[in-house]
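Summary of the model geometry
Listed here are the chains, written in short residue letters.
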Amino acid sequence: MLMNRVLFFILYSLLPLFIIAQGTEVQPKVVKKKNMAFEFNAGYNLPLGKYQSVDGSDKKSGYAGSGWMAQVTFDWMGSHNIGLAIQYTFQKNSYQDAAKTVSPIGVHDSSFFLGPGSWSNNYLMFGPVFIKSFGKIEVDAKLLLGIIFASGTTFTTTNASNKQNDANIGTGFAYGISAGVGYKCSDQVTLNFNLNLLGGWPGKSKEYSSQIIGYEVYKDPATGIAYQKPVYSAPVEYSIKKVITTLNPSIGLTYHF
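Residues numbered from 1 in each chain as written. Predicted model: local features only at pLDDT ≥ 70, side-chain atom pairs only at ≥ 80, totals over all residues. Heavy atoms only, no water.

A count of helices and strands for the chain gives one helix and 14 strands. Taken across its 257 residues, the chain has 34% of its residues classed as buried. Within the chain, contacts between residues separated by at least 24 positions form 69% of all contacts whose residues are at least 6 apart in sequence. (Helix = DSSP H or I, 4+ residues; strand = E, 2+ residues; numbered from the N terminus. Buried < 20%, exposed > 50% of the residue type's maximum accessible area, 1.4 Å probe, protein only. Contact = heavy atoms within 4.5 Å.)

Shown next, in the form of structure tokens:
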């Protein structure tokens with residue numbers, strides 16, 4: 001009888017512990033879906049078409065040699081592995097040797113030439129992106145549209161009034177088409193290889209109004225009185241249009257979060 005009472009007392013004392021254990025049962029860990037990514041790529045820059053042409057009779061020739069590029073991309077992923085990408089790209093291309101004896105379209109200075117020098121192109125684009133993983137392999141593709149800001153001596157113009165050469169920036173529509181494949185080092189980090197086609201149509205229109213460039217002595221034939229007469233420069237308008245096309249193989253990292 002005493003043994004039964006002791007056993008009952010022990011079980012009664014342990015009852016709260018069983019209740020707590022049931023309430024603190026380990027729940028399965030929920031893995032948060034990573035729907036954003038940050039990419040960095042750098043690589044080679046190969047000019048194509050009119051961008052690399054040295055045809056002096058074609059005003060759209062770019063005289064660009066090979067160069068380098070770097071870009072950063074932010075991806076926001078939605079459903080079905082499709083999302084929106086925002087990308088900034090910088091390109092640098094030195095001029096070919098032929099540019100050392102070519103005067104820019106808008107320059108009227110016989111001692112000023114395109115080269116030595118370089119193109120500096122800045123792209124800001126956005127558009128759809130596709131990213132999908134197959135085990136450790138990750139593939140992605142993008143189709144981007146936006147704007148290009150291009151600078152270099154090719155957009156230089158001469159102010160007819162003071163004979164100074166002014167540096168300008170060409171702007172225009174830009175596009176980017178890319179495909180990449182990567183190896184997933186972890187759930188967050190992917191080492192990737194990317195190949196993209198970048199291009200744009202930068203242009204610059206600039207007008208110089210008529211300005212006083214000096215004075216000359218004028219003698220009135222009727223009165224014989226001489227006085228200073230202002231001399232004006234002729235108004236000048238420039239329109240420079242270029243075509244940029246480049247093929248860019250690159251390597252980089254993608255960070256998913």
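There is more to say, and it comes next.
This part covers the nonpolar core. Formed by 21 residues in total, the largest nonpolar core has its most connected members in Y95, W119, Y123, M125 and I244. Elements that contribute at least two residues to this core include exactly β2 (64-77), β3 (82-95), β4 (118-134) and β5 (137-151). In terms of residue count, β4 provides more of this core than any other element does, five residues in total. With near-sequence residues (within four places) excluded, Y123 lies in contact with Q87, Y88, T89, Q91, I147, I148, A174, L198, G199 and I244. (Core = buried A, V, L, I, M, F, W, Y, C linked by side-chain atoms within 4.5 Å.)

Note that β3 and β4 share 13 bridges and pair antiparallel. The residue bridging A85 from the neighbouring strand is G127, located in β4. As defined by bridge partners, β4 adjoins β5 across 13 bridges and the pair is classed as antiparallel. When the bridges of β5 are listed, N121 appears paired with A150. Between β4 and β5, which follow one another and run antiparallel, lie two residues, and G135 among them has a positive phi close to 70 degrees. (Pairing = 2+ DSSP bridges.)

Take the packing of aromatic side chains next. Under the definition given, this model contains seven aromatic pairs. Judged by centre distance (5.6 Å) and plane angle (40 degrees), the ring pair of Y175 and W201 falls under tilted. Pair noted here: Y175 is in strand β8 (residues 169-184) and W201 is in the loop between β9 (189-200) and β10 (203-208), with a separation of 26 residues, a long-range link. Pairwise contacts between aromatic rings join Y51, W119 and F155 into one cluster. The ring of F134 carries K132 above its face, with NZ or CZ at 5.5 Å from the centroid. (Phe/Tyr/Trp six-rings, centres within 6.5 Å; stacked < 30°, edge-to-face > 60°. Lys NZ or Arg CZ within 6 Å of the ring centre and 35° of its normal.)

Here we take up the side chain of T158. Residue position: T158 is located in strand β6 (residues 157-158). On the accessibility criterion, T158 (5% relative accessible area) is buried. Reaching out from T158, the side chain makes a polar contact with the backbone nitrogen of H108 at a distance of 3.0 Å. The residues contacting T158, other than those within four sequence positions of it, are G106, V107, H108, D109, K163, Q164, N165, Y208 and Y238. (Polar contact = N/O pair within 3.5 Å; in protein donor to acceptor, adjacent residues only side chain to side chain.)

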